[in-house]
Amino acid sequence: MINLNVNGKAASVDADPDMPLLWALREDLQLTGSKFGCGMGLCGACTVHLDGQPVRACSTPLSAAVGKKVTTIEGISASKTGKVVQAAWVKIDVPQCGYCQSGQIMSACALLATKKSPSDADIDQAMSGNICRCGTYNQVRAAIHDASATLKKGA
């Protein structure tokens, strides 16, 4: 039995420690917001946070999450930054198909947690591992700038 802290709650998974974290989240814990994209950690659809750092859950072994706080898209709104980023995504109307958007939001939240006023270059670098087949990159950048401005105002 592997014990985890997922979205602030204790969770236990009876699985191989080498199993990808994504499978435990989706199949065992029924947290299906993080998506399977490429299975190699290249597209970013499966991005979650381990202790606030974005990781690719499809290529992160379950054992790497032991003793750390796992945050998924289902739990990101518990933070002020998460709420503001999600609101900016809606305001800017970022999603088209929406498949990659949970990973995009998770990466954006991690960026804004460390850089309160990111430049376009900062955003491009932080988001470079998140692929959007619909091409919403301009909207993603605009939403991150909007969230940054809202966070600076103290909302």
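Residues numbered from 1 in each chain as written. Predicted model: local features only at pLDDT ≥ 70, side-chain atom pairs only at ≥ 80, totals over all residues. Heavy atoms only, no water.

### Examining the environment of Val85
Argument step 1. Tracing the chain through its elements places Val85 in helix H2 (residues 80-92).
Argument step 2. Spatially, the C-alpha atom of Val85 lies 10 Å from that of Val140, the residues being 55 residues apart in sequence.
Argument step 3. Val85 has contacts with Ile105, Ala108, Cys109, Leu112 and Ala147, leaving out every residue within four places of it along the chain. (Helix = DSSP H or I, 4+ residues; strand = E, 2+ residues; numbered from the N terminus. Contact = heavy atoms within 4.5 Å.)

### Concerning the layout of surface pockets
Argument step 1. Reported here for the largest pocket is a volume of approximately 260 Å³.
Argument step 2. For the lining of the largest pocket, the elements supplying multiple residues, two or more each, are strand S5 (69-71), H2 and helix H3 (101-114).
Argument step 3. Approximately 210 Å³ is the volume found for the second largest pocket.
Argument step 4. Lining the second largest pocket, in full, are Gly37, Cys38, Cys43, Ala45, Cys97, Tyr99, Cys100, Ile131, Cys132, Arg133 and Cys134.
Argument step 5. Here the lining of the second largest pocket is composed, by residue class, of nine nonpolar, one polar and one charged. (1 Å grid on protein atoms, 1.4 Å probe; cavity = no way out; pocket = protein on both sides within 12 Å on 5 of 7 lines; lining within 4 Å. Points joined across faces, edges and corners; volume = space filled by probe spheres on them. Nonpolar A, V, L, I, M, F, W, Y, C, P; charged D, E, K, R; others polar.)

### A closer look at helix H5 (residues 137-153)
Argument step 1. Helix length check: H5, at 17 residues, gives a terminal C-alpha distance of 25 Å against a target of 24 Å (1.5 Å per residue), a fit within 8%.
Argument step 2. The set of residues buried in H5 consists of Val140, Ala143, Ile144, Asp146, Ala147, Ser148 and Leu151.
Argument step 3. At the C-terminal side of H5, Gly154 shows a positive phi close to 85°. (Expected span 1.5 Å × (residues − 1). Buried < 20%, exposed > 50% of the residue type's maximum accessible area, 1.4 Å probe, protein only.)

### Things to note about the sheet that holds S5
Argument step 1. Strand order across the open sheet formed by five strands is S2-S1-S5-S3-S4, with mixed pairing between neighbours. The sheet is open, and its two edges are formed by strand S2 (9-13) and strand S4 (53-56), each paired on a single side. The average angle at which neighbouring strand axes cross in this sheet is 40°, direction not considered.
Argument step 2. Sheet topology note: the strand S1 (residues 2-6)/S2 ladder contains five bridges and is antiparallel. Each bridged residue has a counterpart across the sheet, and for Val6 the counterpart in S2 is Lys9.
Argument step 3. Those strands touched by helix H1 (residues 21-28) are S1, S2, strand S3 (47-50) and S5, and its axis lies near 105° from that of S3. (Pairing = 2+ DSSP bridges. Axes fitted to C-alpha atoms, helices over the stretch in contact; angles between N-to-C directions.)

### With respect to the packing of H3 against helix H4 (residues 120-127)
Argument step 1. It is the contact of H3 with H4, at a shortest axis distance of 9 Å, that shows an interaxial angle of 130°. Considering the angle they form, H3 stands oblique to H4. Crossing hand, H3 versus H4: right-handed. Here Gln104, Ser107, Ala108 and Leu111 of H3 come into contact with H4, specifically with Asp122, Ile123, Ala126 and Met127.
Argument step 2. Here the contact of H3 with H4 is composed, by residue class, of five nonpolar, two polar and one charged. (Parallel < 35°, antiparallel > 145°, perpendicular 65-115°, else oblique. Left-handed = near helix turned anticlockwise from the far one by under 90°.)

Bear in mind that shape data such as this cannot, by itself, settle questions of function.
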